[in-house]
Amino acid sequence: KKRLAVFCSGTGSNFKALFHAIIERALPAEIVLCLSNRSQCGAMDFAREYEIESLHLSETQFRTYDEFASAMLQALRERRIDLIMLAGYLRKIPDAVIAAYPEKIVNIHPSLLPQFGGHGMYGMRVHEAVIASGETRSGATVHFVNEEYDKGRIIKQNHVPVLPDDTPETLAERVLLCEHRLYPAALEKLLDEQP
Ligand code: GAR
């Protein structure tokens, strides 16, 4: 079984979708760690409820960014993590961690990358930009994380329509439901490809 760490900053609905899919589909994976930059959030509550180790790790706990990066690396190594799944983790992954886990860090982004990605493009801002652009299609993308923000190799995408009367909120809801199907499917694909 692959040992997974899930990184979250908020509600953690994608974390929950992954957790349930692993059990229901008997995927050869186990979520052994939930890491968050916030001590209190939906994702951390869920981890505690299901007795998954929850680790609060934030830059603010360290004197320097390098110390923060080293602590993250050490936490991952100590737990022999094979795959890192970012699920609404709204912080940058330190370069040292990206370098140590090439094609082992996976992110889900709420748009059809390469469109509407990059710095400052996360959460509701993505949906606002999609609506402002007049696109009739949006969706979600699961991709590998590399040193270029939102530019790593794409693993899987799914699309949803943008409806004429959509607000950023109604579009966000439709995309999130699409994410809950997409992320487990992408994990299944990865586990098949990386035995
Ligand atoms: C999701 O829509 C995810 O794609 C997005 O944050 C939301 C987290 O929801 N991530 C990004 O924007 C990353 N750039 P969740 O906490 O309920 O899974």
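Within an unreviewed UniProt entry, the label attached to the chain reads Phosphoribosylglycinamide formyltransferase, and the organism entered is Chlorobaculum limnaeum. In its Function (unreviewed entry) section, UniProt records this for the chain: "Catalyzes the transfer of a formyl group from 10-formyltetrahydrofolate to 5-phospho-ribosyl-glycinamide (GAR), producing 5-phospho-ribosyl-N-formylglycinamide (FGAR) and tetrahydrofolate."

Caption draft 1: Here's a closer look at the UniProt feature "binding site: N(1)-(5-phospho-beta-D-ribosyl)glycinamide" (unreviewed entry) in the chain. As annotated by UniProt and renumbered to match this structure, "binding site: N(1)-(5-phospho-beta-D-ribosyl)glycinamide" (unreviewed entry) occupies G12, S13 and N14. Among the residues just listed, G12, S13 and N14 line the largest pocket. You can see N14 is positioned in helix α1 (residues 13-24). Aside from chain neighbours lying at most four places away, what touches N14 is A87, I108, L176, E179, H180 and Y183.

Caption draft 2: Region of interest: the environment of R3. On the secondary structure map, R3 appears in strand β1 (residues 2-8). For the pair R3 and L33, spaced 30 residues apart in the sequence, the C-alpha separation amounts to 8.6 Å. Ignoring sequence-local partners within four residues, the contact set of R3 consists of E30, V32, R79, R80, I81, D82 and L83. There is a polar contact of 2.8 Å between the side chain of R3 and the backbone oxygen of R79. There is a polar contact of 3.4 Å between the side chain of R3 and the backbone oxygen of R80.

Caption draft 3: Geometry of the nonpolar core. By size, the foremost hydrophobic cluster in this structure holds 41 residues, and its most contacted members are F15, I31, V106 and L187. Those residues within four positions of L187 in sequence are excluded, and the remaining contacts are L4, L18, I22, L27, L83 and M85. Counting residues in each nonpolar core, the second largest holds 23 residues, with F7, A71, Y89 and V145 among its members.

Caption draft 4: Representation of the environment of F144 within the structure. Inspection of the secondary structure puts F144 in strand β6 (residues 137-144). Residue F144 is classed as buried on the basis of its relative accessible area of 4%. Once you skip the residues sitting within four places of it in the chain, F144 turns out to touch E103, K104, I105, V106, G152, R153, I155, L190 and Q194.

Caption draft 5: Seen up close, the UniProt feature "binding site: (6R)-10-formyltetrahydrofolate" (unreviewed entry) in the chain. As annotated by UniProt and renumbered to match this structure, "binding site: (6R)-10-formyltetrahydrofolate" (unreviewed entry) occupies R63 and N107. With a sequence span of 45 residues, these residues are also far apart in the fold, their greatest C-alpha distance being 27.5 Å. The subset of the named residues that lines the largest pocket consists of N107. Engagement of the side chain of R63 in a polar contact is seen with the side chain of E67, the distance being 2.9 Å. In this fold, N107 is placed in strand β5 (residues 105-109). Excluding its chain neighbours within four sequence positions, the residues that come into contact with N107 are L86, T141, V142, H143, V145, D150 and Y183.

Caption draft 6: Main features of empty space enclosed by the protein. This model, assessed by the stated rule, comprises one cavity of 30 Å³ or more. As for the largest cavity, its lining consists of S111, L112, Q115, F116, V130, E135, R137 and S138.

Caption draft 7: Structural context of the site of the ligand. Taken together, 13 residues form the shell around the ligand, and within it G12, S13, N14, G123 and E179 come nearest. N14 is positioned such that a nitrogen or oxygen atom in its backbone is 3.0 Å from an oxygen atom of the ligand. At 2.7 Å, a side-chain N or O of E179 approaches an oxygen atom of the ligand. Protein coverage of the free-state accessible area of the ligand, which is 450 Å², stands at 89%. Given that more than half its atoms are within 2 Å of the pocket grid, the ligand belongs to the largest pocket.

Caption draft 8: How the structure looks around helix α6 (residues 168-193). An ideal rise of 1.5 Å per residue puts 38 Å on 26 residues; α6 measures up with 35 Å between its terminal C-alpha atoms. The largest bend in α6 comes to about 25°, at E179.

Definitions and cut-offs
- Residues numbered from 1 in each chain as written.
- Predicted model: local features only at pLDDT ≥ 70, side-chain atom pairs only at ≥ 80, totals over all residues.
- Heavy atoms only, no water.
- UniProt positions renumbered as here; feature names shortened; annotations may be inferred.
- 1 Å grid on protein atoms, 1.4 Å probe; cavity = no way out; pocket = protein on both sides within 12 Å on 5 of 7 lines; lining within 4 Å.
- Helix = DSSP H or I, 4+ residues; strand = E, 2+ residues; numbered from the N terminus.
- Contact = heavy atoms within 4.5 Å.
- Polar contact = N/O pair within 3.5 Å; in protein donor to acceptor, adjacent residues only side chain to side chain.
- Core = buried A, V, L, I, M, F, W, Y, C linked by side-chain atoms within 4.5 Å.
- Buried < 20%, exposed > 50% of the residue type's maximum accessible area, 1.4 Å probe, protein only.
- Points joined across faces, edges and corners; volume = space filled by probe spheres on them.
- Near = heavy atom within 4 Å.
- Areas by Shrake-Rupley, 256 points an atom, 1.4 Å probe, with all protein chains shown as cover.
- Sits in = over half its atoms within 2 Å of the grid points.
- Expected span 1.5 Å × (residues − 1).
- Bend = angle between axes of the 7 residues up to and from the residue.

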